[in-house]
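Chain and residue survey
As a plain string of letters, each chain reads:
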Amino acid sequence: MSQSGMKYVDEFRDPQAARVLLRELDLSIERLGATPSKPLQIMEVCGGHTHAIFRYALKDLVPPALEFVHGPGCPVCVLPMGRVDDCVAIARRPEVIFTTFGDAMRVPGSQMSLLQARAEGADVRMVYSPLDALALAEANPTREVVFFGLGFETTMPSTALTVLDAERRGIKNFSLFCNHITIVPTIKAILDSPGMGIHGFLGPGHVAMVIGTAPFEFIATEYKRPLVVAGFEPIDILHSLLMVLRQLEAGEAKIENQYARLVDPNGNRVALEAITRVFELREFFEWRGLGSIDHSGVRMRAPYARFDAEKKFAIPNVRIADPKSCQCGEVLKGAIKPFQCKVFGRACTPQTPLGALMVSSEGACAAYYQYARRAHIETAA
Ligand code: SF4
């Protein structure tokens with residue numbers, strides 16, 4: 001990294017700046033009258049924020065009357081079991097090379113994960129981008145290469161651009177199993193859930209880089225909650241928290257952009273054009289633990305049907321309920337903390353995940369397990 005790059009990162013990890021912000025947070029919390037027994041709940045929507053909050057121990061540094069609620073922002077964590085089963089069914093076809101990101105390979109389906117399917121002979125390969133999958137298709141013209149596309153608007157543009165590239169280059173043995181999801185209906189579903197007690201949101205910085213800040217306006221206008229689009233360094237997160245609290249103190253609800261160094265209020269035009277060209281909203285999409293949410297996922301538009309794995313292959317498409325002992329849904333909605341799940345750290349660990357929240361490093365349970373396990377297991381025992 002260049003020296004100027006180092007300086008740029010260092011600025012957002014400066015301990016002195018953190019101390020000042022923490023003091024300001026303390027004072028603001030005091031003015032707002034929150035207490036540890038009646039804390040202010042701030043939801044970080046994005047799994048990247050969850051990871052940063054644990055990595056930099058921000059959870060323990062902020063005033064005890066300020067509580068982070070970990071939202072459904074880890075795309076791997078919200079994959080329903082039935083979709084994993086669909087992946088396994090496609091991957092087991094002899095003509096198929098099934099490709100996806102590393103995390104997705106470990107998510108448990110009802111019978112097995114993709115990794116276990118690979119151990120049993122399916123040709124499942126890890127890739128770093130959809131373009132790697134397209135290159136595999138080009139190199140293996142007698143096989144069908146399927147890319148398992150998942151994630152919010154953050155990863156959607158690269159998948160859309162890959163499909164457009166496949167079309168331009170006339171590659172016929174490439175297809176996408178599309179499980180991309182959209183953030184706005186998801187936040188709306190959380191805001192509509194009974195007993196919702198969240199006071200404000202840290203908005204997802206990476207998604208906002210693509211879609212801008214305008215799509216979040218309804219949170220302020222309709223639900224009267226503040227949202228601050230936040231960066232991912234510790235100072236970004238503390239600063240964004242303070243911006244949320246300042247709004248609460250002023251009795252305001254606005255959408256603000258703390259991550260303005262990378263987020264344009266109008267989003268990224270090229271990325272949005274690619275998304276709109278290739279994808280359209282599904283009427284509904286099933287989420288792990290959250291149920292079906294209207295218009296919360298996308299599928300491929302008709303002109304790209306030949307690249308659509310759902311059309312190319314017969315897919316079981318069966319809904320499978322999570323095992324009874326899994327409380328992923330309650331964790332995703334912020335109703336319980338990961339360590340309050342009955343199987344946390346015992347039957348469910350990163351090595352033997354029962355639920356998807358334990359799989360990805362951005363999952364709330366994996367983060368708790370990695371950074372705060374001992375204290376919580378001891379408390380729960
Ligand atoms: S501990 Fe495991 S089963 Fe429980 S909520 Fe977390 S991931 Fe789900």
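For the rest of this paragraph, the subject is the overall build of the protein. If you tally the helices and strands in the protein, you get 16 helices and 13 strands. On C-alpha atoms alone, the protein measures out to a radius of gyration of 21 Å, which is about the 21 Å that the 2.2 N^0.38 rule sets for 381 residues. By principal-axis analysis of the C-alpha atoms, the protein measures approximately 65 × 50 × 45 Å. Considering the protein as a whole, with its 381 residues, one finds that 54% of them fall into the buried category. At a minimum sequence separation of 6, the contacts of the protein that also span at least 24 residues come to 78%. Only carbon and sulfur atoms are counted for the fraction: they give 54% of the accessible area of the protein, which is about 16600 Å². Taking the average place of the 41 positive charges on the side chains of the protein and the average place of its 41 negative ones, the gap between the two points comes to 3 Å.

Before going further, it helps to spend a moment on the sheet that holds strand β6 (residues 174-180). Here four strands make up an open sheet; going across it, the order is β4-β3-β5-β6 and the pairing parallel. Each of the sheet's edge strands pairs with one partner strand only, and the pair in question is β4 (124-126) and β6. Across the sheet, the mean angle separating the axes of adjacent strands is 25 degrees when strand polarity is ignored. Bridge count for strand β3 (residues 96-100) against β4 is three bridges, and the pairing is parallel. The residue bridging F98 from the neighbouring strand is V124, located in β4. Each of β3, β4, β5 (144-151) and β6 touches helix α7 (residues 130-139); the most contacted strand, β5, lies at about 175 degrees to it.

Once that is clear, we can look at the site of the ligand. Within the structure, the ligand sits among C326, Q327, C328, V331, C341, V343, F344, C348, G355, L357, M358 and C365. Looking at the shell around the ligand residue by residue, the class counts come to ten nonpolar, two polar and no charged.

On to the sheet that holds strand β8 (residues 227-230). If you walk across this open sheet you meet the five strands as β2-β1-β7-β8-β9, and the pairing is parallel. Only two strands of the sheet have a single partner each, and these edge strands are β2 (66-70) and β9 (255-257). In this sheet, neighbouring strand axes are inclined to one another by 25 degrees on average, regardless of whether the strands run parallel or antiparallel. As paired elements, strand β1 (residues 40-44) and strand β7 (residues 200-204) share three bridges and run parallel to each other. Paired with E44 across the bridge in β7 is L202. On top of the sheet, helix α12 (residues 234-249) reaches β1, β2, β7, β8 and β9; it is set at about 165 degrees to β8, its chief contact.

Another aspect to go through is the environment of A220. Looking at the element boundaries, A220 is found in helix α11 (residues 217-221). Overall, A220 belongs to the buried group, its relative accessible area being 6%. Along the primary structure A220 and G345 are separated by 125 residues, whereas in three dimensions their C-alpha atoms are 38 Å apart. In contact with A220, not counting residues within four places along its chain, are R225, A253, K254 and I255.

Helix-helix packing is described using two parameters, namely the angle between the two axes and the distance between the axes. Across the interface, α7 lies against helix α8 (residues 156-168) with an axial gap of 9 Å and an inter-helix angle of 25 degrees. Accordingly, the angle class assigned to the pair α7 and α8 is roughly parallel. The hand of the α7/α8 crossing is right-handed. Within the contact between the two elements, α7 uses P130, L131 and L134 and α8 uses S158, T159, T162, D165 and A166. Classifying every residue of the contact of α7 with α8 by side-chain character gives four nonpolar, three polar and one charged.

Turning our attention to helix α9 (residues 183-192). Taken residue by residue, α9 has I183, P185, T186, I187, I190 and L191 as its buried positions. Contact partners of the buried residues in α9: β1, β7, α10 (205-211), α11, β11 (284-287) and β12 (291-294).

With that settled, consider the nonpolar core. Judged by nonpolar contacts, the single largest core of 104 residues is most densely connected at F98, F174 and F279. In this structure, L25, A34, I53 and V62 belong to the second largest nonpolar core, which totals 26 residues.

An α-helical segment advances 3.6 residues per turn. Residues three or four places apart therefore align on the same side. Over its 16 residues, α12 runs 23 Å from end to end, which matches the ideal 22 Å to within 8%, given 1.5 Å per residue. The complete set of buried residues in α12 reads P234, I235, D236, I237, L238, S240, L241, L242, M243, V244, L245 and Q247. A positive backbone phi angle near 65 degrees is found at G251, which sits one or two residues after α12.

Definitions and cut-offs
- Residues numbered from 1 in each chain as written.
- Predicted model: local features only at pLDDT ≥ 70, side-chain atom pairs only at ≥ 80, totals over all residues.
- Heavy atoms only, no water.
- Helix = DSSP H or I, 4+ residues; strand = E, 2+ residues; numbered from the N terminus.
- Rg over C-alpha atoms; globule rule 2.2 N^0.38 Å.
- Buried < 20%, exposed > 50% of the residue type's maximum accessible area, 1.4 Å probe, protein only.
- Contact = heavy atoms within 4.5 Å.
- Areas by Shrake-Rupley, 256 points an atom, 1.4 Å probe, with all protein chains shown as cover.
- Lys, Arg positive; Asp, Glu negative; His and termini not counted.
- Charge placed at Lys NZ, Arg CZ, Asp CG, Glu CD.
- Pairing = 2+ DSSP bridges.
- Axes fitted to C-alpha atoms, helices over the stretch in contact; angles between N-to-C directions.
- Near = heavy atom within 4 Å.
- Nonpolar A, V, L, I, M, F, W, Y, C, P; charged D, E, K, R; others polar.
- Parallel < 35°, antiparallel > 145°, perpendicular 65-115°, else oblique.
- Left-handed = near helix turned anticlockwise from the far one by under 90°.
- Core = buried A, V, L, I, M, F, W, Y, C linked by side-chain atoms within 4.5 Å.
- Expected span 1.5 Å × (residues − 1).

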